[in-house]
Amino acid sequence: MFELQSNRNMIFDNWQSWTSNKNNTLLIAGPCSAESPEQLIQVGTHLNRLGIGVMRAGVWKPRTRPNSFEGKGVEALNWLKELKQQIPIKVATEVASPQHVEAALKYNIDVLWLGARTTVNPFLVQEIANAFQGVDIPVMIKNPINPDLALWQGAIERIYNTGNKKLAAVHRGFSSYQKSKFRNTPSWQIAIELKSNFPTLPLICDPSHIAGNREMILEVSQKALDLGYDGLMIEVHPDPALALSDADQQVSLEGLTKTIDQLRFAKKHSNDALFISQLEQLRENIDQIDQELVEILSLRKQLIEKIGDYKKENNVTVFQLERWNEILSSRTEWGKGKNMNPKFIQEIYKAIHDESIRIQTEIMGQETEKKE
Ligand code: PEP
Ligand code: MN
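We now turn to the structure provided with this report. Note that the structure is predicted; figures quoted are calculated from it, not measured.

As for the coordination of the manganese ion (ligand 2)
Each donor-metal-donor angle in an ideal tetrahedron of four donors is 109.5 degrees, and each such angle in an ideal octahedron of six donors is either 90 or 180 degrees.
Link 1 in the chain: Around the manganese ion (ligand 2), the protein supplies Cys32 (SG), His209 (NE2), Glu235 (OE) and Asp246 (OD) as donor atoms, at distances of 2.1 to 2.4 Å.
Link 2 in the chain: Counting residues between consecutive donors of the manganese ion (ligand 2) along the chain gives the motif C-x176-H-x25-E-x10-D. With His209 in helix H8 (residues 207-211) and Asp246 in the loop between strand S8 (231-235) and helix H10 (253-262), the pair connects residues that are 37 residues apart, well separated along the chain.
Link 3 in the chain: Given a relative accessible area of 17%, Asp246 falls into the buried group.

Structural notes on the sheet that holds strand S3 (residues 90-94)
Within a sheet, each strand pairs with its neighbour through backbone hydrogen bonds, oriented either parallel or antiparallel.
Link 1 in the chain: The parallel closed barrel is built from eight strands, whose spatial order is S1-S2-S3-S4-S5-S6-S7-S8. Shown here is a sheet whose adjacent strand axes are inclined to one another by a mean of 25°, direction ignored.
Link 2 in the chain: Running at roughly 145° to strand S2 (residues 54-56), helix H1 (residues 37-50) makes contact with strand S1 (26-30) and S2 of the sheet.

Regarding the site of ligand 1
Link 1 in the chain: Arg56, Lys61, Ala116, Lys142 and Arg172 are the nearest of the 13 residues found near ligand 1.
Link 2 in the chain: Take Arg56: an N or O atom from its side chain is 2.8 Å from an oxygen atom of ligand 1.
Link 3 in the chain: Relative to its free-state accessible area of 300 Å², ligand 1 is covered by the protein chains to the extent of 97%.
Link 4 in the chain: Each residue belonging to the shell around ligand 1 can be placed in one class, and the counts come to four nonpolar, two polar and seven charged.

Description of the packing of H1 against H10
Link 1 in the chain: Where H1 contacts H10, the two axes come as close as 11 Å, and the packing angle between them is 20°. Comparing the axis directions of H1 and H10 gives the class roughly parallel. The interaxial crossing formed by H1 with H10 has right-handed handedness. Within the contact between the two elements, H1 uses Gln42, Val43, His46, Leu47 and Leu50 and H10 uses Leu253, Leu256 and Thr257.
Link 2 in the chain: Looking at side-chain class alone, the contact of H1 with H10 contains five nonpolar, three polar and no charged residues.

Section: a nonpolar patch on the surface
Link 1 in the chain: Together, Met340, Phe344 and Ile348 make up an exposed nonpolar region whose accessible area comes to about 250 Å².
Link 2 in the chain: Tracing the chain through its elements places Phe344 in helix H13 (residues 342-365).

Regarding a negative patch on the surface
Link 1 in the chain: Negative charge collects at one region of the surface, where Glu280, Glu284, Asp287 and Asp290 lie side by side.
Link 2 in the chain: Relative to the assigned elements, Asp287 resides in helix H11 (residues 273-313).

Focus on helix H7 (residues 188-197)
Link 1 in the chain: Every buried residue belonging to H7 is among Trp188, Ile190, Ala191, Leu194 and Asn197, and all of these are buried.
Link 2 in the chain: Where H7 is buried, its residues meet helix H6 (149-160), strand S6 (167-171), strand S7 (203-205) and helix H9 (217-226).

Some thoughts on the nonpolar core
One recurring pattern in soluble globular proteins: nonpolar side chains tend to sit buried together.
Link 1 in the chain: By size, the foremost hydrophobic cluster in this structure holds 70 residues, and its most contacted members are Phe132, Trp152, Ile156, Leu167, Leu194 and Leu256.
Link 2 in the chain: Here this core takes six residues from H6, the largest share from any one element.
Link 3 in the chain: Leaving out residues up to four positions away in the same chain, Leu167 has contacts with Phe12, Trp15, Val139, Ile141, Ile156, Ile159, Tyr160, Leu201 and Pro202.
Link 4 in the chain: The next biggest cluster of nonpolar side chains, apart from the first, holds 12 residues, and it includes Val111, Ala168, Val170 and Met233.

Cut-offs and rules
Residues numbered from 1 in each chain as written. Chains lettered and ligands numbered in written order. Predicted model: local features only at pLDDT ≥ 70, side-chain atom pairs only at ≥ 80, totals over all residues. Heavy atoms only, no water. Donors = N, O, S within 2.8 Å, 3.2 Å for Na, K, Ca; no water. Helix = DSSP H or I, 4+ residues; strand = E, 2+ residues; numbered from the N terminus. Buried < 20%, exposed > 50% of the residue type's maximum accessible area, 1.4 Å probe, protein only. Pairing = 2+ DSSP bridges. Axes fitted to C-alpha atoms, helices over the stretch in contact; angles between N-to-C directions. Contact = heavy atoms within 4.5 Å. Near = heavy atom within 4 Å. Polar contact = N/O pair within 3.5 Å; in protein donor to acceptor, adjacent residues only side chain to side chain. Areas by Shrake-Rupley, 256 points an atom, 1.4 Å probe, with all protein chains shown as cover. Nonpolar A, V, L, I, M, F, W, Y, C, P; charged D, E, K, R; others polar. Parallel < 35°, antiparallel > 145°, perpendicular 65-115°, else oblique. Left-handed = near helix turned anticlockwise from the far one by under 90°. Patch = residues over 30% accessible without salt bridge, like charges linked within 9 Å, V, L, I, M, F, W, Y side chains within 5 Å. Salt bridge = Lys/Arg side-chain N within 4 Å of Asp/Glu carboxyl O. Lys, Arg positive; Asp, Glu negative; His and termini not counted. Charge placed at Lys NZ, Arg CZ, Asp CG, Glu CD. Core = buried A, V, L, I, M, F, W, Y, C linked by side-chain atoms within 4.5 Å.

Structure below.
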């Protein structure tokens, strides 16, 4: 199978620290689309009050169908520029072509992002990357619409190769034909794999495009914070029901205040000496138990080998359905008695049983030794 390279020698700039708040979590919020100067001022004033330093607002909107609202374009870039003269806030917008990059830079936009429908296209990403050459502006790269980690990494690498290290990845979930409670399935493990391949790249969650409805924004945001994400980008609108795009998923101004209040922001590390020593003690105990666990598994393996030999001698099949059903149900019951999640016990036993079958099948295939 094709294995993605982990690129640990790529060091990204910690640019988001300029506006970080709440235990170093970068908070970005703003409307899906810039609709009017008044809307931007209303949102900007509210963000300023909440201490959120970066406002998002799309000016060119990638729409699935024609004749939908496609953004206010250059006119809205000018609104954003004027907003910054009234309110101390940084502004971010999506760019989907070299012409967009050029226009956004002309209007002093502070942060740019590549949308999911752009990341998916390496030709376009390269053209945009070329437009960034020599420009040191923070760029956020959203995941592609399809669950393809290599495409996401490739887009990041293309921008990085222009010399711009002020990058961040935005996880906005993945399209799926299947019905799900999410608008875009999160598949958290893909974003986590990206983070482990690029440990110094800030990872931001976009709960709005993952959820697709405002009721789930808190839940998705909390999950991202619990997984150690570096930031959140949340869509907010003064009157969400009247929004020209993504009306269902935008929270109101009060909704945003409430969401931020209800979120648990945990520190990634603590320097508290007592905390560190207690954590170390607990980790030593875990190491000890894990060692015993591996020891026990190896004793179990010896028994499996004996059973394998025995079945072979008697010409009996490796897999015994009744025995397997009995193992699965008794172990699940034992686990329940110890307050363990039955699904977890079953997953573990499936793995143990698979290995047992593998070992026994190997024994069956070996040449029988000549008996004296
Ligand atoms: C957006 O952020 O409004 C947007 C269009 O996002 P995505 O590229 O994630 O669909
Ligand atoms: Mn949107």
